[in-house]
Amino acid sequence: MPESHSPLHPLALAPVIAPPSTADEFVERFLHNLNFDRGVALSASSANDRYLALAHTVRDYLMARWLEDVRHQKEVQAKGVCYLSAEYLLGRQLDNNLLAADLTEVAGEALASCGVSLDELRAHEVEPGLGNGGLGRLAACFIDSLATMAVPSIGYGIRYEYGIFRQTFVDGQQVEQPDAWLALGSPWEFARPEDAQTIAFGGRTEKYDDDGVTRSRWVPAWNVQAVPYNYMVPGFRNGRVNTLRLWSAVATSAFDLRIFNSGDYEEAVRAQTFAENISKVLYPEDSTPQGKELRLQQQYFFVAASIHDFLDNMLADGFDLANLPERVIFQLNDTHPVIAVPEFMRVLVDEKHLEWDAAWAITQQCFAYTCHTLLPEALEVWPVELLGRLLPRHLEIIYRINDEFLVAVRERFGDDEMLVRNMSIIAEHPERSVRMAYLATVAGAKVNGVAELHSQLLRDKVLHDFDAFFPGKFTNVTNGVTPRRFLRLANPELSSLITAAIGDGWTTELERLHELEPFADDAEFRSAFARVKAANKRRLSEVLRERDGVEISDGHMLDVMVKRLHEYKRQLLKVLHIVTTYEGVISGRIAVSDVVPRTAIFGAKAAPGYAMAKRIIHLINAVGEVVNTDPRLEGRLKVVFPPNYNVTLAERVIPAADLSEQISLAGKEASGTGNMKFALNGALTIGTDDGANVEIRELVGDDNFYLFGMSEPEVEALSTRGYRPQEFYQGR
Ligand SMILES: *Cc1c(COP(=O)(O)O)cnc(C)c1O
């Protein structure tokens, strides 16, 4: 609050300015933003100008609530969530924010009266692709749900300058293009350079005497500035607007100046580039971390900034840190943010001078960990050498946490050296390294898996010894998707049909969809459903014609497999099914008239360094080229592979799908969320007993789920016996 000695204007005392509410007011605000923010007249404006002005107008409507919620959260000091995630795969914002603010109609009417098409402006938005796949999309769905459920919360992450690469195909092979999503400016972000945090790296630690107490401190070698960018996260029509805060790295001026003053201009520029590299690009690996130093820098950069931001700005003056567990839970989205644990300890012990034991007791109540995988290669480890060089004090803290933990393990389980080695946070082979999942498990108040089967396998296998040591710590929280984006927005016609039948309560209480069950026998409802599906197919067909110049034939079943390309997800198996059908027709084994007209739609990015995944993409495109042009198939089998699968494309493809392909090798897919989006849009599933498919099958019933393949115990038994595909091949 600015200081003033004369009486304040009444508007300066009101918490915020009220938003307009009619189409006329909307027009006024829109034109104001266009003229004054963009500096153009409507007649001279570009689509980008109009899109930005519209986005600013929508922001204006949400602003009052946002400012009020930020103020309120600080005043009330209720317990809240700090969701820490290295990825947020947000998708487009405009439509979501229009929906949340209940402005879609007013905006459409207002723009139409200016001769502007809302649809055109929608299409203009570049989605922020700040995530790889399911994990990043889950984070985006969670912050949406937290706002809709009015849970006080803030999402923290990284504002990558380049998000997930844009995929193109050249001769059927994947070629990656940079995703310059910020090139035309993002109207949804608010830069707050005045709230920047300084983040240190490197250097050494030292002990010092503080009035008779020996303490440790970190003497870092270099630092960068973390500048926050705030994004609104509006709840669905509940007047609630939470915050997503993404950090961007810039060189600190002190660091710069020292070098500039030494006269080495080139070195100064290099130092600046070095600092800014930290938030330059999202690592495009999905489920297979590469252990790169820059990635650890990114992780520490954003969690350190977030923890300091929370402690500096969110707590009431004079807050007693012993009460932190009643104030906050830091939810760790996989292992990427786990370095937050030793950072939190460092702040409490080295900076706030709490006793170690007190600090550790607080820490163990302030963190919770979501594990996303069962793949051993996806469990993040950091070489001790690297971690100690970048974060020497954190390594000391990790060692002490581990020492005390292993003492407790020995007390409890006896001197079973094998067990102690297996449970140690420090792995000795193949090189000495820190197991981040173990650190998170030891520190977390709760550890959750992301589907019933996955949570069970975590307890039985991956973290079995920890489950025995920490009874009750392990829980299941099956993943979910927001029905606002993936049904209301993506499938407006089905949404209307459902709402006409059971009212619109399902938008926030999805269980209400059970009320649709009687309509399964209602002929009128069923034909209305069929008409909606057909309309969605036509809409997809138009999108793909315009986007990629490909056609989808009328009357085809749409058989859809869209997700990251991974061997365990088995896109290869799907393409072999197509090859088998094709070969059957060509060899005369299958009458072409018996082939159900089908278009297989694929969408998948491969990590740039994942050679096998890239070869599978090449194969799918090559098979498509053969199958799509062979007249002997009479157009009854088609393969369509639009490049650059992202949230925007998902929102078009999924509502049009008849069949959802969820055929991962059982025991490999932790949950999946694509499977849920399809089920929500009325597609049937063909899938394995894996991840959340298990729960989906229980809900939709066996009639709507084609169960397929081996079960997890069968997979396990086969791999124990030894799986040699060559033998199957020769045995035929
Ligand atoms: C939902 C979603 C995913 C996750 O799909 P899975 O089938 O669960 O792997 C990946 N990418 C995008 C763009 C999504 O929307």
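As the structure is a prediction and not an experimental result, all values here were calculated from the model.

Novice: Can you help me understand the overall build of the protein in this one?
Specialist: Each helix and strand in the protein was counted, giving 28 helices and 25 strands. Against the 2.2 N^0.38 benchmark of 27 Å for 732 residues, the protein shows a C-alpha radius of gyration of 27 Å, consistent with a compact globule. Considering only C-alpha atoms, the protein reaches an extent of 90 × 75 × 60 Å along its principal axes. With 732 residues in all, the protein has 54% of them scored as buried. Of the contacts made within the protein by residues no fewer than 6 positions apart, 74% connect residues no fewer than 24 positions apart. Total accessible area on the protein stands at roughly 32200 Å², and carbon and sulfur atoms take up 53% of it. Looking at the protein, you have 73 positive and 101 negative side-chain charges, and the mean spots of the two groups are 3 Å apart.

Novice: Before we go on, may I ask you to explain a negative patch on the surface in this structure?
Specialist: A surface patch of negative charge is lined by Asp24, Glu25, Glu28, Glu105 and Glu109. Looking at the negative patch, the elements that each hand over two or more residues are α2 (23-37) and α5 (104-112). A per-element tally of the negative patch places α2 first, with three residues. Examined against the element boundaries, glutamate 109 turns out to sit in helix α5. Residue class for glutamate 109 comes out exposed when judged on its relative accessible area of 52%.

Novice: Honestly, the site of the ligand in this entry has me stumped. Any pointers?
Specialist: Neighbouring the ligand are 14 residues; Lys563, Lys569, Thr673, Gly674 and Lys677 lie closest to it. In this structure, an oxygen atom belonging to the ligand sits 2.7 Å away from a side-chain N or O atom of lysine 563. Here the ligand has 390 Å² of accessible area as a free molecule, and 95% of this is covered by the chains. Secondary-structure elements contributing two or more residues to the shell around the ligand are α24 (647-653) and α25 (674-680). Of the residues in the shell around the ligand, the class split is five nonpolar, six polar and three charged. There are two domains that each give the shell around the ligand at least three residues, and those are domain 2 (77-91 + 127-476) and domain 3 (483-730).

Novice: Whenever I open this one, the pattern of salt bridges confuses me. Can you help?
Specialist: Close approach of charged atoms lets side chains of opposite charge pair. In this structure the tally under the stated criterion is 45 salt bridges. The partner of glutamate 661 in a salt bridge is lysine 574, and the shortest N-O contact between them spans 3.2 Å. Here the residue glutamate 661 occupies a position in strand β23 (residues 659-662), and lysine 574 occupies one in helix α22 (residues 571-587), the gap between them amounting to 87 residues. On the basis of relative accessible area, glutamate 661 is assigned to the buried category, the value being 4%. Sharing partners across several salt bridges, the network here consists of Asp559, Lys574, Arg598 and Glu661.

Novice: Help me understand unusual backbone geometry, please; the structure alone is not making it clear to me.
Specialist: Glycine aside, the phi torsion of most residues is negative, and most peptide linkages are trans. Going from histidine 429 to proline 430, the amide bond is cis rather than trans, its omega being -5 degrees. Its identity as a non-glycine residue notwithstanding, aspartate 334 has a phi of 70 degrees, on the positive side. With respect to the element layout, aspartate 334 can be found in the loop between β13 (328-333) and α11 (340-351). Judged by its relative accessible area of 7%, aspartate 334 falls in the buried class. One non-glycine residue, asparagine 644, lies in the positive phi region at around 60 degrees. Here asparagine 644 lies in the loop between β22 (637-640) and α24. The exposure class of asparagine 644 is buried, given its relative accessible area of 14%.

Novice: Mind showing me how you'd approach the domain arrangement of the protein here?
Specialist: Reports of interface size often rely on the accessible area that becomes lost once the parts have come together. Taken as a whole, the protein is organised into domain 1 (7-75 + 102-126), domain 2 (77-91 + 127-476) and domain 3 (483-730). Just the C-alpha atoms count here: the centres of domain 1 and domain 3 sit 38 Å apart.

Novice: It is not clear to me how the side chain of serine 216 should be interpreted in this structure. Could you clarify?
Specialist: Positionally, serine 216 belongs in strand β10 (residues 213-219). Of note is the side chain of serine 216, whose polar atom sits 3.2 Å from the side chain of lysine 207. Not counting residues within four places of it along the chain, the set of residues in contact with serine 216 comprises Glu206, Lys207, Tyr208, Asp350, Arg393 and Glu396.

Novice: What am I meant to see in the sheet that holds strand β17 (residues 433-435) here?
Specialist: Think of a sheet as strands paired side by side through backbone hydrogen bonds, with each pair either parallel or antiparallel. As summarised here, the arrangement of the three strands in space is β15-β17-β16, forming an open sheet in which the pairing is antiparallel. Pairing within the sheet leaves two strands with one partner each, and these edge strands are β15 (381-383) and β16 (426-427).

Conventions we followed
- Within every chain, residues take consecutive numbers counted from 1 along the sequence as written.
- It should be noted that, the model being predicted, local features are given only for residues of pLDDT at least 70 and side-chain atom pairs only at 80 or more, the latter also being counted only at that level, while totals for whole chains, interfaces and linings use all residues.
- Excluded from the side-chain calculation are hydrogens and water; included are all heavy atoms of the structure.
- Secondary structure elements are taken from DSSP: a helix is a run of H or I of four residues or more, a strand is a run of E of two residues or more, and numbering for both begins at the N terminus.
- Only C-alpha atoms enter the radius of gyration; for comparison, a globular chain is expected to reach 2.2 Å times N to the power 0.38, where N is the number of residues.
- Accessible area is worked out with a 1.4 Å probe on protein chains only. A residue is then buried under 20% of its type maximum, exposed over 50%, and partly exposed in between.
- Working rule for contacts: check all heavy atoms of both residues, and any pair within 4.5 Å makes them a contact.
- Here the open area of atoms and residues is found with the Shrake-Rupley method and a 1.4 Å probe, where only the protein chains shown may cover a residue.
- Positive: Lys, Arg. Negative: Asp, Glu. His and the chain ends are not part of the count.
- Charge coordinates come from a single atom per side chain, which is NZ of Lys, CZ of Arg, CG of Asp or CD of Glu.
- Patch building starts from residues that exceed 30% relative accessible area and form no salt bridge, then joins like charges within 9 Å and nonpolar side chains (Val, Leu, Ile, Met, Phe, Trp, Tyr) within 5 Å.
- Basic side-chain nitrogens of Lys or Arg form a salt bridge, by our definition, when they fall within 4 Å of a carboxyl oxygen of Asp or Glu.
- Neighbouring residues are identified by heavy atoms, a residue being near a molecule or strand if any of them is within 4 Å of it.
- As used in this structure description, the phrase polar contact means that two N or O atoms lie within 3.5 Å; if the pair is within protein, one of them must be able to donate a hydrogen and the other to accept it, and residues adjacent in sequence are counted only when both atoms belong to side chains.
- For this classification, the nonpolar set comprises Ala, Val, Leu, Ile, Met, Phe, Trp, Tyr, Cys and Pro, the charged set comprises Asp, Glu, Lys and Arg, and every other residue, Gly included, is treated as polar.
- In this entry, domain limits derive from an automatic or database-based domain assignment.
- The pairing criterion for strands is at least two bridges between them, as found by DSSP.

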